[in-house]
Amino acid sequence: MKKIISLVSAICMIVTGAAIGGSAAEFVDSNTNTFYYGNKEVSISDENISQEKMQFIADYIIGESITNVHENSVSPCGIACIFGHKIETTTATETEHNAYSSSPKCLVKKYKIEYCTRSSCDYIKKELISSYRTAVCHG
């Protein structure tokens, strides 16, 4: 009888633990990716973008050297884009910590990003939506 009670208790604890862990995971935004570049960081929040494409977007925003990137309507992209780009739009936030010597020290820029989702295409375009200084950052 003691074995049955302890077995039922163990099953109840496992189910309760899984339920608590599952509900806690709902509050974590796992689709936000932050990329760090010295005193700058880029955050992208989108559930439909691959990690590689997010890295490509973050590199582009910061200005890391990217070859064959064009903001024009013509972009060398191989046969996948022969009938045009497959454009998606997302937003990204660039935060530059300690950009100014006086408070508020941090500079935040929000961008609208258009990019081609085809794997062999590197078309990307950014448009500044807003820019502001803030003292509410960890930098």
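Before any of the text, the structure's been laid out above.
In this text the structure is predicted, and so the values were computed from the model without any measurement.

Here's the deal with the overall build of the protein
At step 1: When helices and strands are tallied, the protein shows 2 helices and 5 strands.
At step 2: If you list the helices and strands of the protein from N to C, you get α-β-β-α-β-β-β.
At step 3: Relative to all contacts within the protein whose residues are 6 or more apart in sequence, the contacts with residues 24 or more apart total 53%.
At step 4: Working note: accessible area of the protein is about 9200 Å², and carbon and sulfur atoms make up 56% of it.

A look at the side chain of His 97
At step 1: Note that His 97 resides in the loop between strand S3 (87–96) and strand S4 (106–116).
At step 2: Within the structure, the side chain of His 97 is placed 3.0 Å from the side chain of Glu 41, a separation counted as a polar contact.

Describing the packing of aromatic side chains
At step 1: Under the criterion given, the structure shown has 0 aromatic pairs.
At step 2: Residue placement shows Lys 126 over the ring face of Tyr 60; its charged tip is 5.5 Å from the ring centre.
At step 3: One cation-aromatic arrangement involves Arg 133 over Tyr 100; the distance from NZ or CZ to the ring centre is 3.7 Å.

Structural notes on the pattern of salt bridges
At step 1: Per the stated rule, a full pass over the model turns up 2 salt bridges.
At step 2: Residue Glu 94 pairs with Lys 40 through a salt bridge whose shortest N-O separation is 3.8 Å. Of this pair, Glu 94 sits in strand S3 while Lys 40 sits in strand S2 (residues 40–45), placing them 54 residues apart in sequence.
At step 3: Lys 40 sits in the partly exposed class, given a relative accessible area of 22%.
At step 4: Here Lys 112 ties to Glu 114 by a salt bridge, and the two come within 3.9 Å at their closest N and O atoms.
At step 5: For Lys 112, a relative accessible area of 30% puts it in the partly exposed group.

Structural notes on the nonpolar core
At step 1: Membership of the largest hydrophobic core comes to 17 residues, with the highest contact counts inside it found for Val 42, Ile 44, Ile 57, Ile 61, Ile 113 and Ile 124.
At step 2: Of all the secondary-structure elements, those providing two or more residues to this core are strand S1 (32–37), S2, helix H2 (51–62) and S4.
At step 3: Those residues within four positions of Ile 57 in sequence are excluded, and the remaining contacts are Ile 44, Ile 49, Thr 90, Ile 113, Tyr 115 and Ile 124.

Regarding unusual backbone geometry
At step 1: Following Ser 103, the chain continues to Pro 104 via a peptide bond in cis, the omega torsion being -5°.
At step 2: Assignment of secondary structure puts Pro 104 in the loop between S3 and S4.
At step 3: Located in the positive-phi region is Asn 98, a residue other than glycine, with phi close to 55°.
At step 4: Here Asn 98 shows up in the loop between S3 and S4.
At step 5: Taking the relative accessible area as the measure of exposure, Asn 98 reaches 44% and is therefore partly exposed.

Definitions and cut-offs
Starting from 1, residues in each chain are numbered consecutively following that chain's sequence as written. Given that the model is predicted, a residue must reach a pLDDT of at least 70 before its local features are reported, and side-chain atom pairs must reach 80 or more before they are shown or counted; all residues, however, enter totals for whole chains, interfaces and linings. Side-chain numbers here rest on the full set of heavy atoms in the structure, without hydrogens or water. Put simply, DSSP H or I for four residues or longer makes a helix, DSSP E for two residues or longer makes a strand, and each gets a number counted from the N terminus. Any two residues whose heavy atoms approach within 4.5 Å are treated as being in contact. Note on areas: Shrake-Rupley with a 1.4 Å probe; residue coverage comes only from the protein chains shown. Polar contacts, as used here, are pairs of N or O atoms within 3.5 Å; protein pairs need one atom able to donate a hydrogen and one able to accept it. Residues neighboring in sequence count only if both atoms are side-chain atoms. Aromatic pairs are defined between Phe, Tyr and Trp rings, using the six-membered ring for Trp, whenever the two ring centres lie within 6.5 Å; interplanar angles under 30 degrees are classed as stacked, those over 60 as edge-to-face, and all others as tilted. Placement of a positive charge over a ring is assigned whenever Lys NZ or Arg CZ falls within 6 Å of the ring centre and within 35 degrees of the normal to the ring plane. Within this document, salt bridges are pairs made up of a side-chain nitrogen of Lys or Arg and a carboxyl oxygen of Asp or Glu, the two lying within 4 Å of each other. Buried residues are those whose accessible area, probed at 1.4 Å on protein chains only, stays under 20% of the maximum for their type, while exposed residues exceed 50% and partly exposed ones sit between those limits. For the purposes of this section, nonpolar cores are sets of buried Ala, Val, Leu, Ile, Met, Phe, Trp, Tyr and Cys residues that join through side-chain atoms within 4.5 Å.

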